Amino acid sequence: MDTILQPFMWVVAWVMYGIHQGLSAFGMKSGTGPAWVLAIIGLTITVRLIVLPLYNKQIKASRAMQVLTPEMQKIRKKYKGKRDQISMRRQQEETQALYRKHGASPMASCWPMLIQMPILFSLYRVLIAFPDIATGKKGTLGPITQKVAESFEQTTFFGAPLSSTMSSATQLAKQGYNAGQIRTVAIILVALMIVSMFLTQRQMMTKNMPENVGDDDNPAQRMQKFMLYGMPFIYVFSGAVFPVGVLIYWCAGNFWNMAQQGWFIRHNPTPGSKAYREWEKRQREKRKRKGLTDEEIAELEAKEQAGGQRYQPMSKERAKKAGVTSDPQNDPIEDDDKPKIGKDGLTDEERARKRYERRQAQRARSKAKKKKKKGK
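Since the structure is predicted, the reported quantities are computational estimates derived from the model, not experimental observations.

A. Spotlight on the overall build of the protein chain. In terms of regular secondary structure, the protein chain is built from 16 helices and 2 strands. If you take every contact in the protein chain between residues at least 6 apart in sequence, the share linking residues at least 24 apart comes to 65%.

Now the structure itself:
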């Protein structure tokens, strides 16, 4: 495990050490003290800033998936109850064609979490390595020498060592620490993680999701519900084995997410959501304060609605491949139930069907060739 995570562990160790040294240079106590706790929080902020571009892509991808919901529901309704191989393949091809047409990707919302997982596990491995480095059982890890590890080991967070866990509280009690205090600190941090995650996901579901996506068959809706009710259970079980330092990192990250998402919901909400209506109301009041009349405000709102932010922009090459002949931003799919016809004169459904028929013909020719070879 350490062999795979070694590069990440080395980076995590250097970032924590660098932040600790920087805080010491600004007057905080060098060695044992709160500078190590702030170094973990500083690591959280550093990681969040690094993944911020991916978070922006996640927001755009999530918005595109929400906007496509009406068309996705039509496809699911069309193939409802059809479990034969041909129907399932056609449904998949039509769905993929819809994703390509509007530049949407279901996986884009997972990238920030996937990027952070190696860092989280690396921090876990670094923290549990500190006791062995401090006692000399392990060699140095980047800038973490035996002396540095000793100062880290002597640092506590409300009486709980940063490398301690709920399961190791009994063993640490033999060294003079309060086992009950260690467990209490860990339980409070886990509770804060659960509450912050729940509020973050609930904020997303109640304020920033269009009213037309409240369908249990919608993958985005199912994912949101899993995050809302499933993640707290994961936190409960992981909180017993993760060190206090990792819990601090995780808790700080959750509060960062909640604040960051709140800012995005307020200033860049999803069209059709409750937050978007509140944003429109604020914009209307702001324009009234500037002296604009109701007619001028209505004209501006009409222009904004026509321009919209409902679809992600597509390059000419991607639009040509998808067969899009008009700008999807000025041609919202929910306002036009007619199928879009590309330059080849086919709709997405017809184009997907033709691709399927070509593949079937290729397979048939391939089987015929194999039979002919066997006959010879």
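There's more to say after this.
B. Summary view of helix α13 (residues 274-289). For α13, built from 16 residues, the straight-helix expectation of 22 Å at 1.5 Å per residue is met to within 8% by its first-to-last C-alpha distance of 23 Å. For α13, the set of buried residues is A275, Y276, W279 and R287. On an axial view of α13, the arc spanned by its buried residues comes to 110°, and they lie on one face. Two residues or fewer after α13 comes G291, characterised by a positive phi angle close to 100°.

C. Examining the nonpolar core more closely. Ranked by internal contacts, the top residues of the largest apolar core, which has 47 residues, are M16, L123, I144 and Y249. Elements with a minimum of two residues in this core: α1 (2-25), α2 (35-50), α6 (111-135), α7 (146-153), α8 (169-173), α9 (179-207) and α12 (244-267). Ranked by residue count, the leading element in this core is α6, at 9 residues. When neighbours within four sequence positions are excluded, I144 is seen to be in contact with A13, Y17, F130, I133 and A149. Within the second largest apolar cluster, 7 residues are counted, among which are L68, I75, L98 and Y99.

D. Molecular detail of a nonpolar patch on the surface. A surface patch of nonpolar side chains, about 300 Å² in accessible area, is lined by L38, I41, I45 and L49. In this fold, L38 is placed in helix α2. Of the residues examined, L38 reaches a relative accessible area of 35% and is grouped as partly exposed.

E. Representation of the packing of aromatic side chains in the model. Scanning the entire structure with this criterion turns up 10 aromatic pairs. The interplanar angle of 55° and the centroid separation of 5.3 Å between the aromatic rings of Y124 and F242 together place this pair among those described as tilted. In this pair, Y124 sits in helix α6 while F242 sits in the loop between α11 (231-238) and α12, placing the two residues 118 residues apart along the sequence. Among the aromatic residues, those joined into a cluster by ring pairs are W10, W14 and Y17.

F. Representation of the confidence of the model for the protein chain. Overall, the prediction assigns the protein chain a mean pLDDT of 77, with 78% of residues at 70 or greater. When pLDDT is averaged over each element of the protein chain, strand β2 (residues 160-161) comes out on top at 90 and helix α15 (residues 316-322) at the bottom at 52. For residues 324-337, every residue scores under 50 in pLDDT, and the model assigns this stretch 29 contacts once sequence neighbours within four places are set aside.

G. Quick peek at the pattern of salt bridges. Inspection of the entire model under this criterion finds 2 salt bridges. For K78, the salt bridge identified is with E94, shortest N-O distance 3.3 Å. With K78 in helix α4 (residues 69-78) and E94 in helix α5 (residues 85-102), the pair connects residues that are 16 residues apart, well separated along the chain. Taking relative accessible area as the criterion, E94 reaches 8% and is therefore assigned buried.

H. Structural detail: the environment of G33. Along the chain, G33 turns up in the loop between α1 and α2. Residues G33 and Q154, spaced 121 residues apart in sequence, show a C-alpha to C-alpha distance of 8.1 Å.

I. Main features of unusual backbone geometry. Phi is positive for F158, which is not a glycine, with a value near 55°. As for its position among the elements, F158 is in the loop between β1 (156-157) and β2. A relative accessible area of 61% means that F158 is categorised as exposed.

J. Geometry of the UniProt feature "transmembrane region" (unreviewed entry) in the protein chain. In this numbering, the UniProt entry assigns the feature "transmembrane region" (unreviewed entry) to residues 7-28, 34-55, 110-130, 182-200 and 226-250. Taken end to end, residues 7-28 is 86% helix and 0% strand, and its first and last C-alpha atoms sit 29 Å apart. As annotated, residues 34-55 comprises 91% helix and 0% strand, and the C-alpha atoms at either end are separated by 30 Å.

K. Structural context of the environment of L189. Looking at the secondary structure, you find L189 in helix α9. Note on L189: relative accessible area 7%, which makes it buried. Taking the C-alpha atoms as reference, L189 lies 6.7 Å from C251; in sequence the two are 62 residues apart. With residues up to four places along the chain from it excluded, the contact list for L189 reads F157, V244, L247, I248 and C251.

Thresholds applied
Residues numbered from 1 in each chain as written. Predicted model: local features only at pLDDT ≥ 70, side-chain atom pairs only at ≥ 80, totals over all residues. Heavy atoms only, no water. Helix = DSSP H or I, 4+ residues; strand = E, 2+ residues; numbered from the N terminus. Contact = heavy atoms within 4.5 Å. Expected span 1.5 Å × (residues − 1). Buried < 20%, exposed > 50% of the residue type's maximum accessible area, 1.4 Å probe, protein only. Arc of directions from axis to C-beta. Core = buried A, V, L, I, M, F, W, Y, C linked by side-chain atoms within 4.5 Å. Patch = residues over 30% accessible without salt bridge, like charges linked within 9 Å, V, L, I, M, F, W, Y side chains within 5 Å. Areas by Shrake-Rupley, 256 points an atom, 1.4 Å probe, with all protein chains shown as cover. Salt bridge = Lys/Arg side-chain N within 4 Å of Asp/Glu carboxyl O. Phe/Tyr/Trp six-rings, centres within 6.5 Å; stacked < 30°, edge-to-face > 60°. pLDDT = per-residue confidence, 0-100. UniProt positions renumbered as here; feature names shortened; annotations may be inferred.

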